[in-house]
Amino acid sequence: MIDIDRARQIVDAAERIVVLTGAGISTDSGIPDFRGPNGVWTRNPAAEKAATLSHYLDDPRVRILAWRNRIDHRMWSADPNQGHAAVTELRRQGRLVAVITQNVDGLHQAAGLDDIDVIEVHGTSRFTICWQCHDRRPMDEILERVRLGEQDPPCERCGGILKSDTISFGQSLVPEVIDRAFEVAGRCDTLIAVGSTLQVYPVAGVVPHAANHGAKIVIVNAEPTGMDDLADVIVRGSIGELLPDLVRRRRAGGPN
Ligand code: NAD
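Some points on the pairing of strand E7 (residues 190-194)
Looking along a regular strand, one sees the side chains alternate between the two faces of the sheet.
Okay, so step 1: Of all five residues in E7, five are buried; the element is thus mostly enclosed.
Okay, so step 2: What you see with E7 is no split at all: Thr-190, Ile-192 and Val-194 on one side and Leu-191 and Ala-193 on the other are buried throughout.
Okay, so step 3: Relative to E7, strand E1 (residues 17-21) runs parallel, the two sharing five bridges. Its bridge partner being in E7, Ile-17 is matched across the sheet by Thr-190.
Okay, so step 4: Taken together, the five bridges between E7 and strand E8 (residues 216-221) define a ladder with parallel strand orientation. Paired with Ala-193 across the two strands is Ile-219, which belongs to E8.
Okay, so step 5: Handedness of the β-α-β unit built from E7, helix H10 (residues 206-212) and E8 comes out right-handed.

Below, the structure written as structure tokens:
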């Protein structure tokens, strides 16, 4: 049996699905990944350094550059694609336990999922956070200040440093968020890992965790991943083409 048929069979039989998504699900929306063949870090390794917390907090030049790059980022104009729609379709079918995402782009919610359905282990770019008083604001509000001329906008409440509400290198994950990711992975019957290199920890650890709790593992990616050995089936190719096909119900009597 070829891989796509085997994957269809597994997904069709699944009743409690967790989808783990990485940057690869959003490349069709025009947001580049970091480690794929055309990824931001593959082409410019120095960019990885700029995503480190200590550099951001210690060096105003790093922050000025970060804000300048942010106002023009493709993320703000990106729309969800077929891959995001396929994940939303699983919820419509009543089979989605949750999405665990490494992404910070908010596109699963833009595709119709509620915040409660989406476990954003690396935070979100849609909000900023004050490093000092933890005031949280919509990103749009702060970007407007940058457009009006502030190069490194401080918190309006306390004057502290603002950063996007994402997890930078050197920053701890939010314990309740990563705990919830492991909790849902431990009670699904199928985990579909989509567009992630599965090399970023601890989130990649949800794959062996789900497997150890008896879940089937389906990997959808154009390239090899760090967890291919654990997969029941690997489907190689374009997410936008493969995922809508995989989630379509074929079983007689299932919801359509
Ligand atoms: P990654 O960039 O390391 O890997 C992306 C993976 O998806 C690669 O294996 C690549 O081969 C694959 N891929 C890319 N486009 C694909 C397509 N159309 N079809 C099939 N496969 C495709 O991403 P990562 O493992 O998610 O880790 C990087 C970290 O950077 C993430 O944890 C995330 O926090 C952050 N990030 C987020 C975004 C976003 O929010 N959209 C974008 C870039 C990076």
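Past the structure itself, the notes keep going.
Examining the site of the ligand
Okay, so step 1: The immediate surroundings of the ligand are formed by 26 residues, with Phe-34, Gln-102, Val-104, Asp-105 and His-122 found nearest.
Okay, so step 2: Ile-239 is positioned such that a nitrogen or oxygen atom in its backbone is 3.2 Å from a nitrogen atom of the ligand.
Okay, so step 3: Considering the ligand on its own, with 850 Å² of exposed area, one finds that the protein chains cover 93% of that surface.

Observations concerning the packing of aromatic side chains
Okay, so step 1: The tally for this structure, following the rule as stated, stands at zero aromatic pairs.
Okay, so step 2: In this structure, Arg-70 is placed above the aromatic ring of Trp-67, and the distance from its NZ or CZ to the ring centre is 4.6 Å.
Okay, so step 3: The ring of Phe-127 carries the charged tip of Arg-136 above its face, separated from the ring centre by 4.1 Å.

With respect to the pattern of salt bridges
Okay, so step 1: The tally for this structure, following the rule as stated, stands at 18 salt bridges.
Okay, so step 2: Residue Asp-245 pairs with Arg-8 through a salt bridge whose shortest N-O separation is 2.8 Å. Taken as a pair, Asp-245 in helix H11 (residues 239-247) and Arg-8 in helix H1 (residues 3-13) lie far apart in primary sequence, 237 residues in all.
Okay, so step 3: With relative accessibility at 22%, the residue Arg-8 sits in the partly exposed group.
Okay, so step 4: Salt-bridge contacts for Arg-145 lead to Glu-150; the nearest nitrogen and oxygen are separated by 2.9 Å.
Okay, so step 5: Residue Glu-150 is classed as partly exposed on the basis of its relative accessible area of 31%.
Okay, so step 6: Connected through salt bridges with shared partners, the residues Asp-135, Arg-137, Glu-141 and Arg-157 form a single ionic network.

As for the domain arrangement of the protein chain
A common measure of how large an interface is: the accessible area buried when the components associate.
Okay, so step 1: Split by domain assignment, the protein chain resolves into domain 1 (1-31 + 79-122 + 173-256) and domain 2 (39-77 + 123-166).
Okay, so step 2: On a C-alpha basis, the centres of domain 1 and domain 2 stand 29 Å from each other.
Okay, so step 3: Contacts between domain 1 and domain 2 engage 11 residues on the former and nine residues on the latter.
Okay, so step 4: Carbon and sulfur atoms supply 48% of the area buried between domain 1 and domain 2, which totals about 730 Å² over both sides.
Okay, so step 5: For the pair domain 1 and domain 2, the number of links is three residue pairs in polar contact (both at pLDDT 80 or more).
Okay, so step 6: Taken together, the residues of the side of domain 1 that touches domain 2 sort by class into four nonpolar, four polar and three charged.

What about the pairing of E1?
Okay, so step 1: Among the five residues in E1, five count as buried, and that is most of the element.
Okay, so step 2: Every second residue of E1 is oriented toward a common face, with Ile-17, Val-19 and Thr-21 on one face and Val-18 and Leu-20 on the other, all of them buried.
Okay, so step 3: In this structure, E1 lies alongside strand E2 (residues 96-101), joined through five bridges in parallel fashion. Opposite Val-18, over in E2, you have Ala-98 as the bridge partner.

Thoughts on the sheet that holds strand E5 (residues 136-138)
Okay, so step 1: Reading across the sheet, the three strands line up as E5-E4-E6 and stay open at both edges, with antiparallel pairing between neighbours. Only two strands of the sheet have a single neighbouring strand rather than two, namely E5 and strand E6 (162-166). Strand-to-strand twist across the sheet, computed as the mean angle between neighbouring axes with direction ignored, equals 45 degrees.
Okay, so step 2: With five bridges connecting them, strand E4 (residues 123-130) and E6 associate as antiparallel partners. If you follow Gly-123 over to E6, its bridge partner there is Thr-166.
Okay, so step 3: Here helix H8 (residues 139-147) sits on the sheet and contacts E4, E5 and E6; the angle it forms with E5, its principal contact strand, is near 75 degrees.

Rules used in this analysis
All residue numbers refer to positions counted from 1 along the written sequence of the respective chain. pLDDT decides what is reported in this predicted model: residues at 70 or higher carry local features, side-chain atom pairs at 80 or more are listed and counted, and totals for whole chains, interfaces and linings draw on all residues regardless. Note that the side-chain values use all heavy atoms of the structure and ignore hydrogens as well as water. Categorising residues by exposure relies on relative accessible area from a 1.4 Å probe, with only protein chains included: less than 20% of the type maximum marks a residue as buried, more than 50% marks it as exposed, and the intermediate range marks it as partly exposed. Under the DSSP-based scheme used, a helix requires at least four consecutive residues in state H or I and a strand at least two consecutive residues in state E, with every element numbered from the N terminus. Two strands form a pair only when DSSP identifies at least two bridges running between them. The path from the first strand over the helix to the second decides the hand: if it runs clockwise while the strands point away from the viewer, the crossover is right-handed. Put simply, a residue is near a molecule or strand once any heavy atom of it comes within 4 Å of that molecule or strand. Counting of polar contacts relies on pairs of N or O atoms within 3.5 Å, with two restrictions inside protein: one atom must be capable of donating a hydrogen and the other of accepting it, and residues adjacent in sequence are counted only when both atoms are side-chain atoms. In these tables, accessible area is a Shrake-Rupley quantity obtained with a 1.4 Å probe, and a residue counts as shielded only by the protein chains included in the view. Only Phe, Tyr and Trp rings are paired, with Trp represented by its six-membered ring, and only when their centres lie within 6.5 Å; those with planes under 30 degrees apart are stacked, over 60 edge-to-face, the remainder tilted. Only when the NZ atom of a Lys or the CZ atom of an Arg is both within 6 Å of the ring centre and within 35 degrees of the ring normal do we say a charge sits over the ring. Salt bridge, as used here: a side-chain nitrogen of Lys or Arg that lies within 4 Å of a carboxyl oxygen of Asp or Glu. Domain segmentation is taken from an automatic or database assignment of domains. Here, residues are in contact when the closest pair of their heavy atoms is within 4.5 Å. By definition, the buried area sums, over both parts, the 1.4 Å-probe accessible area that each loses when the two are put together. When residues are grouped by polarity, Ala, Val, Leu, Ile, Met, Phe, Trp, Tyr, Cys and Pro land in nonpolar, Asp, Glu, Lys and Arg in charged, and all others, Gly among them, in polar. Only the stretch in contact is used when fitting a helix axis, every axis being a line fitted to C-alpha atoms; angles between N-to-C directions are given from 0 to 180 degrees.

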